[in-house]
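Residue strings, one per chain:
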Amino acid sequence: MMPPEFSRPVRVDTIGTEPKVVTVTADAAERVALARRFGLIAIERLEGRFTLQRSESGVALEGRVIAVATQACSITDEPLDASIDEEARLRFVDDPTEGEEIELDEDAIDVLPIENGAIDLGEAAAETLALSIDPFVRGPNAAAALAAAGVIAEEDAKPLGAFAGLRDKLAGK
């Protein structure tokens with residue numbers, strides 16, 4: 001397995017029960033490699049500021065990931081700026097598959113493995129960035145490009161079949 005493009009391992013034995021604040025910042029080469037991995041035009045900034053705290057159940061991570069990236073419009077491929085300011089909440093444990101299966105609710109946090117006695121804050125920041133980017137971002141010219149290609153907007157589509165016009169009748173039109 002190849003190491004991640006942006007790796008900032010922190011040994012678990014250096015994390016105590018008191019909160020420890022750690023900031024990680026991707027350099028230019030790491031940002032280029034991550035942009036390639038995530039299909040972005042560029043990543044101009046990627047930084048994670050995390051508070052780590054160890055407990056009996058593992059290591060809790062809370063913080064923020066700040067990023068500035070350029071991605072392509074999903075319709076026209078024109079470059080679009082993306083600013084990310086995303087909360088990060090993770091828990092690292094020795095074996096995340098150990099124990100019973102549990103039902104996750106909206107407030108549940110992701111559980112990741114502690115690998116070789118360390119957690120990787122760079123990869124945590126990179127994955128948070130990847131999950132925060134709109135995969136189908138549309139620029140200001142997207143609607144015109146779709147119209148020129150003959151694609152109509154969903155709200156302009158005419159229903160077909162036995163239920164044609166039912167939406168209008170239900171809405172009192």
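Conventions we followed
Residues numbered from 1 in each chain as written. Predicted model: local features only at pLDDT ≥ 70, side-chain atom pairs only at ≥ 80, totals over all residues. Heavy atoms only, no water. Salt bridge = Lys/Arg side-chain N within 4 Å of Asp/Glu carboxyl O. Buried < 20%, exposed > 50% of the residue type's maximum accessible area, 1.4 Å probe, protein only. Helix = DSSP H or I, 4+ residues; strand = E, 2+ residues; numbered from the N terminus. Contact = heavy atoms within 4.5 Å. Core = buried A, V, L, I, M, F, W, Y, C linked by side-chain atoms within 4.5 Å. Pairing = 2+ DSSP bridges. Axes fitted to C-alpha atoms, helices over the stretch in contact; angles between N-to-C directions.

## Topic: the pattern of salt bridges
Across all of its chains, the model carries 6 salt bridges by this definition. Close ionic contact of E47 with R45 constitutes a salt bridge, the shortest N to O distance being 3.9 Å. Look at E47 and you get partly exposed, because its relative accessible area is 23%. Taking the relative accessible area as the measure of exposure, R45 reaches 36% and is therefore partly exposed.

## Thoughts on the environment of V21
Assignment of secondary structure puts V21 in strand β2 (residues 20–25). On the basis of relative accessible area, V21 is assigned to the partly exposed category, the value being 47%. Sequence separation of V21 and E62 is 41 residues, and the distance between their C-alpha atoms is 9.5 Å. Look past the residues within four positions of V21 in its chain and what remains in contact with it is R49, F50 and T51.

## Points about the nonpolar core
I43, L46, F50, L52, L61, I119 and L121 are the most contacted members of the largest nonpolar core, which has 31 residues in total. Listing elements by their share of this core, those giving two or more residues are β2, α1 (28–38), β3 (42–55), β4 (58–72), β5 (79–93) and α2 (121–132). Each residue touching I119, except ones within four places of it in the same chain, is listed here: R8, P9, V10, V12, I15, L52, V59, F92 and I114.

## Digging into the sheet that holds β3
The 5 strands are arranged β2-β3-β4-β5-β6 in an open sheet whose pairing can be described as mixed. The sheet is open, and its two edges are formed by β2 and β6 (110–113), each paired on a single side. Each adjacent strand pair in this sheet contributes to an overall mean axis angle of 30°, direction not counted. Lying on the sheet, α1 is in contact with β2 and β3; it crosses β3 at an angle near 95°.

## Structural notes on the pairing of β5
Relative to β5, β4 is paired through 14 bridges, and the arrangement is antiparallel. Among the inter-strand pairings, L61 is bridged to a residue of β5, identified as L90. The loop that links β4 with its antiparallel partner β5 comprises 6 residues; one of these, D77, has a positive phi angle of about 70°. Of the pairings in the sheet, the one linking β5 to β6 comprises 4 bridges and is parallel in character. Note on β6: the bridge partner recorded for V93 is P113.

## Some remarks on α1
Every buried residue belonging to α1 is among E30, R31, A33, L34 and A35, and all of these are buried. Elements that come into contact with the buried residues of α1 comprise β2, β3 and α2. G39 occupies a position one or two residues after α1 and carries a positive phi of about 70°.

## A short note on the environment of G39
As for its placement among the helices and strands, G39 is situated in the loop between α1 and β3. Spatially, the C-alpha atoms of G39 and Q71 are 7.8 Å apart, while their sequence positions differ by 32 residues.

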